[in-house]
Amino acid sequence: MNLADQKIGFIGIGSMGNPMASRLQQAGYPLLVMDANVHLTEPLARLSGVMVAATGQEMARECNFIITMLPTSTIVETVLTGTDGVLAALNPNTVVIEMSSGIPTQTLRLAKLTQQAGGSLIDAPVSGGVARARTGELAIMVGGADEIIQRARPILSVMGKTISHTGDVGSAHAMKALNNLVSAGGFLIGIEALLIGQRFGLDPSVMIDILNASTGMNNSTQKKFKQFVLSRKFDSGFGLDLMIKDLTIATGIAAESATPAPFSALCREMWASAAGLLGPGQDHTALAKLLENLSQTELTAGKP
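What comes next concerns the included structure.

The rules behind these values
- Residues numbered from 1 in each chain as written.
- Predicted model: local features only at pLDDT ≥ 70, side-chain atom pairs only at ≥ 80, totals over all residues.
- Heavy atoms only, no water.
- Helix = DSSP H or I, 4+ residues; strand = E, 2+ residues; numbered from the N terminus.
- Contact = heavy atoms within 4.5 Å.
- Expected span 1.5 Å × (residues − 1).
- Buried < 20%, exposed > 50% of the residue type's maximum accessible area, 1.4 Å probe, protein only.
- Arc of directions from axis to C-beta.
- Salt bridge = Lys/Arg side-chain N within 4 Å of Asp/Glu carboxyl O.
- Phe/Tyr/Trp six-rings, centres within 6.5 Å; stacked < 30°, edge-to-face > 60°.

## Things to note about the side chain of T114
Phase 1: Of note, T114 is situated in helix α5 (residues 104–116).
Phase 2: If we skip the residues at most four places from it in the chain, T114 touches L87, L90, V96, G119, S120 and L121.

## Some words on helix α13 (residues 262–278)
Phase 1: With 17 residues, α13 ought to run about 24 Å at 1.5 Å a step, and its terminal C-alpha atoms sit 25 Å apart, in line with that.
Phase 2: Residues of α13 that are buried: S264, C267, M270, W271 and A274. One side of α13 holds all its buried residues, which, seen down the axis, span an arc of 125 degrees. Turned more than 90 degrees away from the buried face of α13 sit P262 and G276, all of them exposed.
Phase 3: Each element contacted by the buried residues of α13 is listed here: α8 (171–200), α12 (240–256) and α14 (287–295).
Phase 4: Immediately downstream of α13, the backbone of G279 shows phi near 90 degrees, a positive value.

## Notes on the environment of F65
Phase 1: Residue placement: F65 occurs in strand β4 (residues 65–68).
Phase 2: Apart from residues no more than four positions distant in its own chain, F65 is found in contact with Q6, K7, I8, G9, T94, V95, I97, R151, A152 and I155.

## Notes on the pattern of salt bridges
Phase 1: Taken as a whole, this structure holds 6 salt bridges when the rule is applied.
Phase 2: Measuring nitrogen to oxygen at the nearest pair gives 3.4 Å for the salt bridge that ties E62 to K7. Placement of E62 in helix α3 (residues 56–62) and of K7 in the segment before β1 (8–11) is noted, with a sequence separation of 55 residues between them.
Phase 3: A relative accessible area of 43% means that E62 is categorised as partly exposed.
Phase 4: Using a relative accessible area of 23% as the deciding quantity, one classes K7 as partly exposed.

## Focus on the packing of aromatic side chains
Phase 1: The full count for this structure, using the stated rule, is 2 aromatic pairs.
Phase 2: Taking the centre distance of 5.7 Å and the plane angle of 55 degrees together, the rings of F187 and W271 count as tilted. One end of the pair, F187, is in helix α8; the other, W271, is in helix α13, and 84 residues separate them in sequence. This pair shows no difference in class: F187 is buried, exactly as W271 is.
Phase 3: Chaining the aromatic ring pairs together yields one cluster made of F187, F225 and W271.

If you want it as structure tokens, here you go:
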């Protein structure tokens, strides 16, 4: 397949969208990019094969595939269905790849609207953070019809190392929220354990090394605690508000399916409390500050 004939529209050039779009450009795909903050598109626009779209309609007229990587389902809906939105000028058989962390029920509605406009929508949220977005090693969950996913797979393979078909449209967004629920729980209990250990007299840095060689190992012990908490950088690139959004989606799925989830509800409440304490614009790793505040102890490398 000639990549020059597979023009991709990419909407949402934020901390994740930028490296993902860059991977596609490096692979040789012609790109049309768009963001509400036009300044975010400027570095990409200087690269070969990349142009900037002024509206969703302009993008829809030009592209065979359109990727959305946006903060919320509400913003995705506005981009697709609003004034000058993508669906108003969608080419027949265009595939919309919704890579945001979305609400499954809204995703289903948008898939129906996309189908009515002559195209198809699949949900393909990602996990792995900015570092893995840069290297093209994201884990991508995909919901939708198999034949549509097969059309999109070469594009997804540029951005992700593992691509897992989760089921029908909406199922991938459900899986992403539940993945982040597990991740959030691991971060929360890990920070509590470090605080308990430090107050007892253990060195948090040594504790992390031991956890990573033991059954307590998880993504947070491996890739967050030393890098963003003990370093006091709190700059992983994933916002606290976005984590709370995903936890709210996960607990909403539990409620809709009548699944008792008491720890999940408590976990979401703890993360929301951190947002209330710290204010807007925080990295999700700053949750540690809430627990430090409760214990009146700041985590530090080196034996206390």
